[in-house]
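One letter stands for each residue in the lines below.
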Amino acid sequence: MELRHLHVVLTVAEAGSISRAASSLKIAQAGLTAQLRRIERGFGAPLFLRRTDGVELTELGRHVVLRSRDLVERFDDLLVTARKLAAEHDAAGIRLGGVAGSPTALLVGVVRTLLPTHPQTTHIERNSDAVLELVRTAKLDVALATEFPQSPLRIPEEVDYRTVVTEPMSVGIAAGHRLSGRSEIRLSELADEEWAVPEESYGGGRLNLHLACEAAGFTPRCTHFGVDSATAAELVRSAHTVACFFPTGQDFPGVLVKPIVGNPVHRRVTLVWHRECAAAEYVDDIHAAMLGAYQERIWGHAPRAAKLAATGLAVAAS
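Each chain carries its own residue numbering, running from 1 in the written order of its sequence. Owing to the predicted nature of the model, reporting of local features is limited to residues with pLDDT of at least 70; listing and counting of side-chain atom pairs is limited to 80 or more, with chain, interface and lining totals taken over all residues. Computation of side-chain values: all heavy atoms of the structure, hydrogens and water removed.

*Asks:* Would you explain the nonpolar core in this entry?
*Replies:* The nonpolar side chains of soluble globular proteins are, as a tendency, buried together. Among buried residues, those of type Ala, Val, Leu, Ile, Met, Phe, Trp, Tyr and Cys that are joined through side-chain atoms within 4.5 Å constitute a nonpolar core. Accessible area is worked out with a 1.4 Å probe on protein chains only. A residue is then buried under 20% of its type maximum, exposed over 50%, and partly exposed in between. One finds L107, L271 and M290 to be the most contacted residues of the largest nonpolar core, which totals 22 residues. Each residue touching L271, except ones within four places of it in the same chain, is listed here: L107, V142, A143, L144, D160, Y161, R162, V164, V283, I286 and H287. Only heavy atoms enter the contact rule, under which two residues are in contact if any of them lie within 4.5 Å.

*Asks:* Looking at this structure, how should I read the packing of aromatic side chains?
*Replies:* For Phe, Tyr and Trp, where Trp contributes only its six-membered ring, two rings pair if their centres lie within 6.5 Å, and the inter-plane angle classes them as stacked under 30 degrees, edge-to-face over 60, or tilted in between. Applying the stated criterion across every chain yields a total of two aromatic pairs. Aromatic side chains F148 and F246 sit 6.1 Å apart centroid to centroid with 65 degrees between the ring planes, which places their arrangement in the edge-to-face category. Taken together, the residues span a long stretch of sequence, with F148 in the loop between β5 (142-147) and β6 (159-168) and F246 in the loop between β10 (241-245) and β11 (255-259) at a distance of 98 residues. Residue F148 is classed as buried on the basis of its relative accessible area of 7%. Overall, F246 belongs to the buried group, its relative accessible area being 17%. An angle of 40 degrees between the planes, with centres 5.4 Å apart, marks the rings of F245 and F252 as tilted. Note on F245: relative accessible area 3%, which makes it buried. According to the relative accessible area criterion, F252 is buried, its value standing at 11%. Geometry around F246 places R267 over its ring, the cationic atom sitting 4.2 Å from the centre. Strands are runs of DSSP state E lasting at least 2 residues, helices are runs of H or I lasting at least 4, and numbering of each runs from the N terminus. Only when the NZ of Lys or the CZ of Arg is both within 6 Å of the ring centre and within 35 degrees of the ring normal is a charge said to sit over the ring.

*Asks:* Which parts of the structure should I look at to understand the sheet that holds β10?
*Replies:* Picture the strands of a sheet paired through backbone hydrogen bonds; they go either parallel or antiparallel. Criterion used throughout: strands pair if DSSP finds at least two bridges between them. Taken in spatial order, the five strands line up as β9-β8-β10-β7-β11 in an open sheet, and their pairing is mixed. The open sheet has two edge strands, β9 (221-225) and β11, and neither has a second partner. Mean inter-strand twist for the sheet, computed between neighbouring axes without regard to direction, equals 35 degrees. Two elements, strand β8 (residues 194-197) and β9, share four bridges in a ladder whose sense is parallel. Across the sheet, residue W195 finds its bridge partner in β9, namely C222. Only the stretch in contact is used when fitting a helix axis, every axis being a line fitted to C-alpha atoms; angles between N-to-C directions are given from 0 to 180 degrees.

*Asks:* Can you help me understand the side chain of T270 in this one?
*Replies:* Mapped onto the elements, T270 comes out in strand β12 (residues 266-274). Not counting chain neighbours up to four residues away, the residues in contact with T270 comprise A143, L144, A145, L153, Y161, R162, T163 and V164.

*Asks:* Would you mind showing me how to read helix α6 (residues 128-136) here?
*Replies:* Side chains of residues three or four places apart in an α-helix project in the same direction, reflecting 3.6 residues per turn. Those residues of α6 that fall on the buried side of the exposure criterion are S128, V131, L132, L134 and V135. On an axial view of α6, the arc spanned by its buried residues comes to 160 degrees, and they lie on one face. Any pair of nitrogen or oxygen atoms within 3.5 Å is treated as a polar contact; in protein, a donor-acceptor pairing is required on top of that, and neighbouring residues in sequence qualify only through side-chain atoms on both sides. Structurally, the start of α6 carries an N-cap: the backbone nitrogen of D129 is 3.2 Å from a side-chain oxygen of N127. In the segment just after α6, A138 is the residue with positive phi, at about 65 degrees. As used here, the arc is the angular range of directions from the helix axis to the C-beta atoms.

*Asks:* Help me understand the packing of helix α1 (residues 3-15) against helix α2 (residues 18-25) in this model?
*Replies:* Each pair of packed helices can be described by the angle between their axes along with the distance between the axes. Interaxial distance between α1 and α2 falls to 8 Å at its minimum, and their mutual angle equals 125 degrees. Our classification of the angle between α1 and α2 gives oblique. You can see that α1 and α2 cross each other, and the crossing is right-handed. On α2, the residues that touch V8, T11, V12 and A15 of α1 are I18, R20, A21, S24 and L25. Here the nonpolar group is Ala, Val, Leu, Ile, Met, Phe, Trp, Tyr, Cys and Pro; Asp, Glu, Lys and Arg are the charged ones; every other residue, Gly included, is treated as polar. Residues that form the contact of α1 with α2 fall into these classes: six nonpolar, two polar and one charged. Should an angle fall under 35 degrees it is taken as roughly parallel, and over 145 as roughly antiparallel, whereas 65 to 115 is taken as roughly perpendicular and any remaining angle as oblique. By definition, turning the near helix anticlockwise from the far helix through less than a right angle yields a left-handed crossing, and turning it clockwise yields a right-handed one.

*Asks:* Explanation requested: the environment of V55 in the structure shown.
*Replies:* Of note, V55 is situated in strand β2 (residues 54-57). Each C-alpha atom of the pair V55 and I18 lies 7.2 Å from the other, and the pair is 37 residues apart in sequence. For V55, the contacting residues outside a window of four places in its chain are V12, G16, S17, I18, F48, L49 and R50.

*Asks:* I'm lost on the packing of α2 against helix α3 (residues 29-43) in this one. Help?
*Replies:* The interhelical angle for the contact between α2 and α3, taken along N-to-C directions, is 105 degrees, at an axis separation of 9 Å. The angle between α2 and α3 places the two elements in the roughly perpendicular class. On α3, the residues touching I18, S19, A21, A22 and L25 of α2 are Q29, L32, T33 and L36. In terms of residue class, the contact of α2 with α3 is made up of six nonpolar, three polar and no charged.

Right, here's the structure in full:
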């Protein structure tokens, strides 16, 4: 027994005649008669008494019609509310996200350019595990996560991913710093410096900086915590401080950003998305546009090979 069978019973009951019901349902009278007999067999007894002037409900038929109206009304209400929720979901558009410090603004700009008619929201999280959990539970559609060598990403089964870029950490020093004339700086040369480091949970860049410094023979003196790039640059300019910087394409007057010999700390920026989300069909275009936007932001119009050699960046193939 299916819901459509209840619709047939209700139509016949309201019409009071098989012929009028057949006309309303736009099917042949003989076909409706055969269908009604199959329905009655399913209920175990006749629902209608056939008369010369139409049909009349049996006691069983009255029971079935009464309960069917309630079921059909509930189902119709379900359709209305479900469609309303679906419309609200569509209105929410594409839900983007990223970890603090990642180039999420590039993702936002790329999606806005590619899909100008799709509304979008953006959510920034403190760490990649939080971003991946939101994507896994379909609370975010597309996001950026970052991964460090000593703390690889744990990608959930529901999430697909594609690398955008692998970028090195550089060190920012004041313009008058004793090492300002160097083209590269050895990490061990910063053993006596005070460091400004970003806020983050276990497994991010701060942990990997500590590990790299310990491998170089010292423990970094982290004295300024939870700073963003602009605050870190101000501390570098105004105090005896060095700071971690990843490529942003942004200039900080009075701060020299120097590569570290051997690139001991680097991170991989990864595009992640829920494989069942509606935005998944656009991922190829989003990824390709992210590569172009990233190269434009970091390298500008300078020759790509020269910039690549200078920064140690590795951009994924599109």
